[in-house]
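# Observations on chain architecture
Now for the letters of each chain:
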Amino acid sequence: MCGGILGTRKSNELRERLRQLKLLQKAFCDISIALQYGSATTSEIISMLSRGGKLSFFAELDPLDLPHSLRTSESFEALCINAEERAIVCDVFSQLGCTDLATQLSMIEFAKARLSSAIAACEEECGKKCRLYDTLGFLGGIFVSLLII
């Protein structure tokens, strides 16, 4: 039974990573739209993202010091994303509100492209590994129970 739970847990972590990456991509789109059409300030953008409530680390961000508040955010550290994907998020929030509008929009578009490739890789990994983790977990548990008996 423990083997089955471990396999299911690992596949759920992979699915959660994919879900969080898609939520980050949606947040980047929302930021881009707010900047492009609403000329939103950094505090308005953070307020908009935290009201969305999909990722809790947005509520912990300080609009006056985004890079530091992102590094110290416990919710951001608790995300299931890897170091490269964290770097993408940190790049966006470190430059948000620091440059002109055109530079911010191009930086966000570049980050969305990088995140899209990370999502594609994660979807491919999910397709290959999620079922494998579930199956191996249960079969491993059955094998160990047969050895014990």
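Residues numbered from 1 in each chain as written. Predicted model: local features only at pLDDT ≥ 70, side-chain atom pairs only at ≥ 80, totals over all residues. Heavy atoms only, no water.

## Some words on the packing of aromatic side chains
Convention followed: Only the six-membered ring of Trp is used, alongside the rings of Phe and Tyr, when aromatic pairs are assigned; centres must lie within 6.5 Å, and planes under 30 degrees apart are stacked while those over 60 apart are edge-to-face, with the rest tilted. Working definition: with a 1.4 Å probe on protein chains only, accessible area under 20% of the residue-type maximum means buried, over 50% means exposed, and in between means partly exposed. A run of DSSP states H or I qualifies as a helix once it reaches four residues; a run of E qualifies as a strand once it reaches two. Both are numbered from the N-terminal end.
Taken as a whole and assessed by the stated rule, the structure comprises 4 aromatic pairs. With 4.4 Å between their ring centres and 35° between their planes, F57 and F58 make a pair best called tilted. On the basis of relative accessible area, F57 is assigned to the buried category, the value being 1%. The class of F58 is buried, set by a relative accessible area of 4%. Centroid distance F58 to F93: 6.0 Å. Interplanar angle 50°. Geometry classified as tilted. Placement of F58 in the loop between α2 (42-52) and α3 (66-72) and of F93 in helix α5 (residues 83-95) is noted, with a sequence separation of 35 residues between them. Of the two residues, F58 and F93, both sit in the buried class.

## Observations regarding the environment of Q95
What counts is decided by this rule: In what follows, residue pairs with any heavy atoms lying within 4.5 Å of each other are defined as contacts.
By the secondary structure assignment, Q95 is in helix α5. Classification of Q95 as partly exposed rests on a relative accessible area of 34%. Sequence separation between Q95 and Y133 is 38 residues, and the spatial gap between their C-alpha atoms is 39 Å. Excluding residues within four positions of it along the chain, Q95 makes contact with Q104 and M107.

## Section: the pattern of salt bridges
For the record, the criterion: Every case where a carboxyl oxygen of Asp or Glu lies within 4 Å of a side-chain nitrogen of Lys or Arg is listed as a salt bridge.
Here the structure, examined in full by the defined rule, presents 9 salt bridges. The partner of E85 in a salt bridge is R17, with the nearest N and O atoms 2.6 Å apart. On the criterion of sequence distance, the pair formed by E85 in helix α5 and R17 in helix α1 (residues 2-38) is long-range, its members being 68 residues apart. Grouping residues by exposure puts E85 and R17 together as buried. Among the salt bridges present, the one from E123 reaches K22, with a minimum N-O distance of 3.3 Å. Here the residue E123 occupies a position in helix α6 (residues 101-148), and K22 occupies one in helix α1, the gap between them amounting to 101 residues. Residue E123 is classed as partly exposed on the basis of its relative accessible area of 38%. Among the charged side chains, a network of salt bridges with common partners joins R17, E85, E125 and K129.

## Notes on the nonpolar core
Taken as a class, soluble globular proteins show a tendency for nonpolar side chains to be buried jointly. Rules: Buried Ala, Val, Leu, Ile, Met, Phe, Trp, Tyr and Cys residues form a nonpolar core when they are joined through side-chain atoms within 4.5 Å.
F28, I31, F57, F58 and F93 are the most contacted members of the largest nonpolar core, which has 37 residues in total. For this core, the secondary structure elements donating two or more residues are α1, α2, α3, α5 and α6. Here the element with the most residues in this core is α1; it accounts for 10 residues. Not counting the four nearest positions on each side in its chain, F58 is found in contact with L24, A27, I46, L49, S50 and F93.

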